[in-house]
Amino acid sequence: MGIKVAVIIIMVAMQLFDFFLKYLNYTNRNTPLPENVKDIFDPETYAKRSAYEMEHVRLSIVSGLCNLVLIAAILGFNVHSSFFNFMGQHTGNLYLQVYFMFAMTWLIGLPLSAIFDAIKTFKIEAKYGFNKSSVGTFLGDIIKDAIINGIIGLGLMSLFILIHGILGNGVFVAFIFVVAAFIVIFIFIRPVTIRIFNKLTPLEEGPLKERVMALSREADFPVMRVYSVDGSKRTTKANAFFSGLGKSRFIGLYDNLINDYSEDEVIYVLGHEIGHAKKKHIRRRLPLMLLVALPILALAYFVVNTESVSLAFGFYELNVAFGLYIGMALAAPFIMFLQWPFTALSRKHEYEADAYGIQFTGSEPGITAMKKMSRLNYANLTPHPFVVTMTYSHPPISQRIAAMEALKAQEKAPD
């Protein structure tokens, strides 16, 4: 009983900490705006943006509490072991027992998750003009997301069980390489996942496509295709990306970006994304990600090999799959506090990508694109510094603009 209570207490503490971060951001909402972003919103729109943020905070608190109660009930009433043992009466196949256990517990939480997602999409996002999803698109996304996450999650779990059966505790060393390989593989399969959710149409011939291809040549970043992505069927927000490696590489421009931004702004956004690739940011983050994974795997090693953990939740013997699940749940506090070096590096990389992008347009399009994106996305212009340190992968807008303004001043400085 002590282990079970300890697990639930840790989950409650993590949820409370998440609420605390949201509270800090909310209390910082009336902080005076930095001078360089005062022109993003007029007073009426900024008040509307604050109301939008507050509705999201309220919904996240309610959904967080409901999810916490549900997870505590599932763990408290030994639901995982009940499903595992039930399937064990029909088959001795460990993998099928594990799949059934996690699939059924996921299905229990699915309606609650879908309800809050629907409220967010069709009430809050629609109220403020962001949502473009139909009910069919929304439901389709839930199904597609479930299939992809199920394949990835259960696939990794199956691999862990398989390697554990072969190597025993050596699985924890092996999984460091598995995680690294998974990140690389994801780069290859990302084009497939993008096509599952979005329709990609070859960008029509014209000035924009010519400039995009010219940018790829100037940046020595060859691409095979340029696509328009139908992001507008879900949201008014805009983005750009590249995907694939080598000859399979392609560029995707969200139609909102194409329609709502100037050509110079589009080129800046795309140059920013290419900057991440040219400066090998993903590769440079990988060692830190693996370093952060080490203490997490050490904790998982302890939990997975502690039979009393499985017994406390109704299993008849040590259950490796459930032990890994609980180990990851207990690792949540470590992940939260160990990720700050990663977010700090990520913010540094954003500055580098900004500087790379404005090489092709000058600073002004980068600044105007940043302000337009902030305005259209209702960005938080005054996030709390502690929240930024702990969770923000991107620097606050005012700081990114300040960095670009400094580069702009250098552009104008005499030789």
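Residues numbered from 1 in each chain as written. Predicted model: local features only at pLDDT ≥ 70, side-chain atom pairs only at ≥ 80, totals over all residues. Heavy atoms only, no water.

Peer 1: Please provide a residue-by-residue account of the side chain of His276, values included.
Peer 2: With respect to the secondary-structure elements, His276 resides in helix α9 (residues 263-278). Looking at His276, the relative accessible area reads 15%, which means it is buried. For His276, the side chain forms a polar contact with the side chain of Glu350, separated by 3.2 Å. (Helix = DSSP H or I, 4+ residues; strand = E, 2+ residues; numbered from the N terminus. Buried < 20%, exposed > 50% of the residue type's maximum accessible area, 1.4 Å probe, protein only. Polar contact = N/O pair within 3.5 Å; in protein donor to acceptor, adjacent residues only side chain to side chain.)

Peer 1: I'd like to hear about the pattern of salt bridges, residue by residue, with values.
Peer 2: A complete count under the given rule lists 13 salt bridges for this structure. For Arg211, the salt bridge identified is with Asp264, shortest N-O distance 2.7 Å. Of this pair, Arg211 sits in helix α7 (residues 207-218) while Asp264 is found in helix α9, placing the two residues 53 residues apart along the sequence. Looking at Asp264, the relative accessible area reads 32%, which means it is partly exposed. Shared partners join several salt bridges into a network, and the residues in it are Arg211, Glu263 and Asp264. (Salt bridge = Lys/Arg side-chain N within 4 Å of Asp/Glu carboxyl O.)

Peer 1: Can you lay out a nonpolar patch on the surface for me, pointing to particular residues and giving the numbers?
Peer 2: A surface patch of nonpolar side chains, about 370 Å² in accessible area, is lined by Leu159, Leu162, Ile166 and Leu167. Among the secondary structure elements, Leu167 is positioned in helix α5 (residues 135-167). (Patch = residues over 30% accessible without salt bridge, like charges linked within 9 Å, V, L, I, M, F, W, Y side chains within 5 Å. Areas by Shrake-Rupley, 256 points an atom, 1.4 Å probe, with all protein chains shown as cover.)

Peer 1: Would you mind going over the layout of surface pockets in detail, with residue names and values included?
Peer 2: There is about 210 Å³ of room inside the second largest pocket. Of all elements in the fold, only α3 (79-88), α4 (94-127), α5 and α12 (320-330) reach the threshold of two or more residues within the lining of the second largest pocket. The greatest single-element share of the lining of the second largest pocket, amounting to three residues, is contributed by α5. Its residues assigned to classes, the lining of the second largest pocket shows nine nonpolar, four polar and one charged. (1 Å grid on protein atoms, 1.4 Å probe; cavity = no way out; pocket = protein on both sides within 12 Å on 5 of 7 lines; lining within 4 Å. Points joined across faces, edges and corners; volume = space filled by probe spheres on them. Nonpolar A, V, L, I, M, F, W, Y, C, P; charged D, E, K, R; others polar.)

Peer 1: Would you mind going over helix α1 (residues 2-27) in detail, with residue names and values included?
Peer 2: Here α1 contains 26 residues, and its C-alpha end-to-end distance of 37 Å stays within 8% of the 38 Å for a straight helix at 1.5 Å per residue. For α1, every residue scored as buried is listed here: Lys4, Val7, Met11, Met14, Gln15, Phe17, Phe19, Leu21, Leu24 and Asn25. Where the residues of α1 are buried, they touch α2 (43-76), α11 (307-312), α12, α13 (332-338) and α16 (385-391). (Expected span 1.5 Å × (residues − 1). Contact = heavy atoms within 4.5 Å.)

Peer 1: Lay out the packing of α9 against helix α15 (residues 363-377) in plain terms, naming residues and giving numbers.
Peer 2: Relative orientation of the contacting elements α9 and α15 amounts to 90°, with a least axis distance of 8 Å. The angle between α9 and α15 places the two elements in the roughly perpendicular class. For the pair α9 and α15, the contacting residues are Asp264, Glu265, Tyr268 and Val269 in the first and Pro365, Gly366, Thr368, Ala369, Met370, Lys372 and Met373 in the second. Among the residues making up the contact of α9 with α15, the classes are represented as six nonpolar, two polar and three charged. (Axes fitted to C-alpha atoms, helices over the stretch in contact; angles between N-to-C directions. Parallel < 35°, antiparallel > 145°, perpendicular 65-115°, else oblique.)

Peer 1: Which residues make up the side chain of Asn28, and what values do they have?
Peer 2: Turning to its location among the elements, Asn28 is positioned in the loop between α1 and α2. Separated by 3.4 Å, the side chain of Asn28 and the backbone oxygen of Pro383 make a polar contact. Beyond its immediate chain neighbours, meaning those up to four positions away, Asn28 contacts Thr382, Pro383, His384 and Pro385.

Peer 1: With reference to specific residues and values, describe the pairing of strand β2 (residues 225-229).
Peer 2: Counted residue by residue, β2 has four buried out of five residues, so it is predominantly covered. Alignment of strand β1 (residues 200-202) against β2, held across three bridges, turns out to be antiparallel. By the bridge assignment for β2, Leu200 is matched with Val229. Across five bridges, β2 lies against strand β4 (residues 250-254) in parallel orientation. Residue pairing in the sheet places Val226 in a bridge with Ile251 of β4. (Pairing = 2+ DSSP bridges.)

Peer 1: Any details on the pairing of β4? Residues and values, ideally.
Peer 2: For β4, a buried count of four out of five residues is recorded, marking the element as mostly surrounded by other parts of the structure. Bridge count for strand β3 (residues 240-243) against β4 is four bridges, and the pairing is antiparallel. Within β4, the position partnered with Ser243 by the bridge is Phe250.

Peer 1: Quick rundown of the sheet that holds β2? Include the residues and the values.
Peer 2: Ordered by their spatial adjacency, four strands build an open sheet running β1-β2-β4-β3, and the pairing between neighbours is mixed. Of all strands in the sheet, those with a lone pairing partner are β1 and β3, marking the two edges. Each neighbouring strand pair of the sheet contributes to a mean axis angle of 30°, computed without reference to strand direction. The sheet contacts of α9 involve β3 and β4, and relative to β3 the element is tilted by about 35°.

Peer 1: Explain the confidence of the model for the chain to me, and be specific about the residues and the numbers.
Peer 2: When pLDDT is averaged along the chain, the result is 85; 94% of the residues meet or exceed 70. Mean pLDDT across the elements of the chain ranges from a minimum in helix α6 (residues 171-197), with 69, to a maximum in α3, with 95. (pLDDT = per-residue confidence, 0-100.)

Peer 1: Any chance you could break down the nonpolar core for me, citing the residues and the numbers?
Peer 2: Grouped together as the largest cluster of nonpolar side chains are 44 residues, with contacts concentrated most on Val212, Ile251, Leu253, Leu257, Leu381 and Ile397. For this core, the secondary-structure elements that each account for two or more residues are α2, α4, α7, β3, β4, α9, α15 and α17 (397-412). Per element, the largest residue contribution to this core is six residues, and it comes from α9. For Val212, the residues in contact, after removing those within four places along its chain, are Val226, Ile251, Leu253, Ile267 and Leu270. (Core = buried A, V, L, I, M, F, W, Y, C linked by side-chain atoms within 4.5 Å.)

Peer 1: Could you give an account of the packing of aromatic side chains, with specific residues and numbers?
Peer 2: Per the stated rule, a full pass over the model turns up 16 aromatic pairs. For the ring pair Phe315 and Phe322, a centre distance of 4.8 Å and an interplane angle of 40° mean the geometry is tilted. For the pair shown, Phe315 and Phe322 are each scored as buried. The rings of Phe84, Phe102, Phe313, Phe315, Phe322 and Tyr325 are connected pair by pair, giving a single aromatic cluster. One cation-aromatic arrangement involves Arg29 over Tyr26; the distance from NZ or CZ to the ring centre is 3.7 Å. Taking NZ or CZ as reference, Lys372 lies 5.2 Å from the ring centre of Tyr261, over its face. (Phe/Tyr/Trp six-rings, centres within 6.5 Å; stacked < 30°, edge-to-face > 60°. Lys NZ or Arg CZ within 6 Å of the ring centre and 35° of its normal.)

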